[in-house]
Amino acid sequence: MALLIRSVVDGLRSVPDHVTQAASAIGYRRYRQLLQVELPITLPVMHPGCASSPFPPSVW
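What comes next concerns the included structure. In this text, all values refer to a predicted model and were calculated from it rather than measured experimentally.

Focus: the overall build of the protein
Part 1 of the reasoning: Along the protein, the regular secondary structure elements total 3 helices and 0 strands.
Part 2 of the reasoning: Listing the helices and strands of the protein from first to last along the sequence gives α-α-α.
Part 3 of the reasoning: By residue count, 23% of the 60 residues in the protein fall in the buried class.
Part 4 of the reasoning: Restricting to contacts in the protein with at least 6 residues of sequence separation, those with at least 24 account for 59%.

Here it is in structure tokens:
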């Protein structure tokens, strides 16, 4: 479980500040920014951690 959490946190931290600032500047609210901007950028970072997690995806 710690590997999964670490993977998600590292992925979200990898999003450049200028990307989140640009999303805010064009009017994205925090939830929409997370779903449409940050998560697509973080998937390459999060995927290896989620794939090696001891919990299968059906448990999430």
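Some remarks on the side chain of Thr-20
Part 1 of the reasoning: Mapped onto the secondary structure, Thr-20 falls in helix H2 (residues 17-25).
Part 2 of the reasoning: Exposure remark for Thr-20: the relative accessible area of 18% places this residue in the buried category.
Part 3 of the reasoning: What Thr-20 contacts, discounting residues up to four positions off in sequence, is Val-15, Gln-33 and Glu-38.

Some words on the pattern of salt bridges
Part 1 of the reasoning: According to the stated counting rule, one finds 2 salt bridges in the structure shown.
Part 2 of the reasoning: Two residues, Arg-6 and Asp-10, come together in a salt bridge whose shortest N-O distance is 3.1 Å. In this pair, Arg-6 and Asp-10 are both assigned in helix H1 (residues 2-13), 4 residues apart and thus about one turn of the helix distant.
Part 3 of the reasoning: What makes Arg-6 exposed here is its relative accessible area of 54%.
Part 4 of the reasoning: For Arg-30, the salt bridge goes to Glu-38, with nearest N and O atoms at 2.7 Å.

Concerning the environment of Ala-22
Part 1 of the reasoning: Position of Ala-22 among the secondary structure elements: in helix H2.
Part 2 of the reasoning: We classify Ala-22 as partly exposed; its relative accessible area is 40%.
Part 3 of the reasoning: The spacing of Ala-22 and Val-37 is 15 residues in sequence and 9.9 Å in space, taken between C-alpha atoms.

A short note on the packing of aromatic side chains
Part 1 of the reasoning: Throughout the structure, instances matching the rule amount to 0 aromatic pairs.
Part 2 of the reasoning: One cation-aromatic arrangement involves Arg-32 over Tyr-28; the distance from NZ or CZ to the ring centre is 4.1 Å.

The rules behind the values
- Every chain's residues receive numbers from 1 upward, in the order its sequence appears when written.
- Given that this is a predicted model, residues contribute local features only at a pLDDT of at least 70 and side-chain atom pairs are listed and counted only at 80 or more, while totals for whole chains, interfaces and linings are drawn from all residues.
- To get the side-chain values, take all heavy atoms of the structure and skip hydrogens and water.
- Only DSSP runs of H or I covering at least 4 residues are called helices, and only runs of E covering at least 2 are called strands; the numbering of each starts at the N terminus.
- Burial here depends on accessible area, computed with a 1.4 Å probe over protein chains only, as a share of the maximum for the residue type. Under 20% is buried, over 50% is exposed, and the range in between is partly exposed.
- Any two residues whose heavy atoms approach within 4.5 Å at even a single point are treated as in contact.
- Should a side-chain nitrogen of Lys or Arg be within 4 Å of a carboxyl oxygen of Asp or Glu, the pair is scored as a salt bridge.
- Stacked, edge-to-face and tilted labels apply to pairs of Phe, Tyr and Trp rings (six-membered ring for Trp) whose centres lie within 6.5 Å, assigned for plane angles under 30 degrees, over 60, and everything in between, in that order.
- Criterion for a charge above a ring: Lys NZ or Arg CZ within 6 Å of the ring centre, and within 35 degrees of the ring normal.

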